[in-house]
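So you can see what is in the structure, the chains are spelled out below.
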Amino acid sequence: MALAAAAKRCASSALFQRSLSLPEFRSACPYHKKVVDHYENPRNVGSLDKSAKNVGTGLVGAPACGDVMKLQIQVDENGKIVDARFKTFGCGSAIASSSLATEWVKGKSVDEALKIKNTEIAKELCLPPVKLHCSMLAEDAIKAALADYRFKQKDDKERLAEARN
């Protein structure tokens, strides 16, 4: 069912009035096999406890296409990302970008994860230019999750001072 829904999003409804089989879907859409793999077998789907002090949550969206991406990281006491989860509403490229991003941040320090760029994600997934915004969303979601985590690490006095400014 998900495959048929993705095929309908990919192809104009005027061109396709029926469900596409997997071979037809792959030939009708410009998705690279890496995108299809992450779309069909997404890694790290789910949620972490957003109220936990060691969990950072990033929620980003692209108004132009309607994609919404939530990415969460869990950081241990040494500053290493030990888990990552995502939930994405969007096209196959957005889902694949989220899935890959969660794989890449695991095992990295907070500072190392900040260095992940959308161009690296796009290159790994072989995204066409029209889908680059998906990799940009993934980078933004990583940055937002890391910013949320860092904010939670500050003590109450620091947070109060920031809120006043």
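The model shown is predicted, which means the values in this text are computed figures rather than measured ones.

What counts, and at which threshold
Residues numbered from 1 in each chain as written. Predicted model: local features only at pLDDT ≥ 70, side-chain atom pairs only at ≥ 80, totals over all residues. Heavy atoms only, no water. Core = buried A, V, L, I, M, F, W, Y, C linked by side-chain atoms within 4.5 Å. Buried < 20%, exposed > 50% of the residue type's maximum accessible area, 1.4 Å probe, protein only. Helix = DSSP H or I, 4+ residues; strand = E, 2+ residues; numbered from the N terminus. Contact = heavy atoms within 4.5 Å. Pairing = 2+ DSSP bridges. Axes fitted to C-alpha atoms, helices over the stretch in contact; angles between N-to-C directions. Parallel < 35°, antiparallel > 145°, perpendicular 65-115°, else oblique. Nonpolar A, V, L, I, M, F, W, Y, C, P; charged D, E, K, R; others polar. Arc of directions from axis to C-beta.

Visitor: Got a sec to walk through the nonpolar core? Specific residues and values, please.
Guide: Membership of the largest hydrophobic core comes to 32 residues, with the highest contact counts inside it found for Ile73 and Val105. For this core, the secondary-structure elements that each account for two or more residues are helix 3 (33-40), strand 1 (55-62), strand 2 (67-75), strand 3 (81-89), helix 4 (92-105), helix 5 (110-114), helix 6 (118-125) and helix 7 (132-153). Considering each element in turn, this core owes the most residues, 8 residues, to helix 7. In this structure, Ile73 is in contact with Leu48, Asn54, Val55, Gly56, Ile81, Asp83, Ala84, Val105, Ala145, Leu146 and Tyr149, ignoring residues within four places of it in sequence.

Visitor: Lay out the sheet that holds strand 3 in plain terms, naming residues and giving numbers.
Guide: Spatially, 3 strands are ordered 1-2-3 in an open sheet, and the strand pairing comes out antiparallel. Edge strands, defined here as strands with exactly one partner in the open sheet, are strand 1 and strand 3. Taking the axes of each pair of neighbouring strands and ignoring which way they run, one obtains an average angle of 15° across the sheet. As paired elements, strand 2 and strand 3 share 8 bridges and run antiparallel to each other. Following the sheet pairing, Met69 is matched in strand 3 by Thr88. In the packing of helix 7 onto the sheet, the strands contacted are strand 1, strand 2 and strand 3, and the crossing angle to strand 1 comes to about 145°.

Visitor: Lay out the packing of helix 3 against helix 4 with the relevant residues and their values.
Guide: Where helix 3 contacts helix 4, the axes come no closer than 8 Å and their chain directions differ by 80°. Our classification of the angle between helix 3 and helix 4 gives roughly perpendicular. Between helix 3 and helix 4, the contacting residues are Val35, His38 and Tyr39 on the first element and Gly92, Ser93, Ile95, Ala96, Ser99, Leu100 and Glu103 on the second. Counted by class, the contact of helix 3 with helix 4 contains 5 nonpolar, 4 polar and 1 charged residues.

Visitor: I'd like a description of helix 3, backed by residues and values.
Guide: What helix 3 keeps buried is the set Val35, Val36, His38 and Tyr39. Across the axial projection of helix 3, the buried residues extend over an arc of 165°, all falling on one side.

Visitor: Residues and numbers for the side chain of Asn118, please.
Guide: Here Asn118 lies in helix 6. Those residues within four positions of Asn118 in sequence are excluded, and the remaining contacts are Ser135, Met136 and Glu139.

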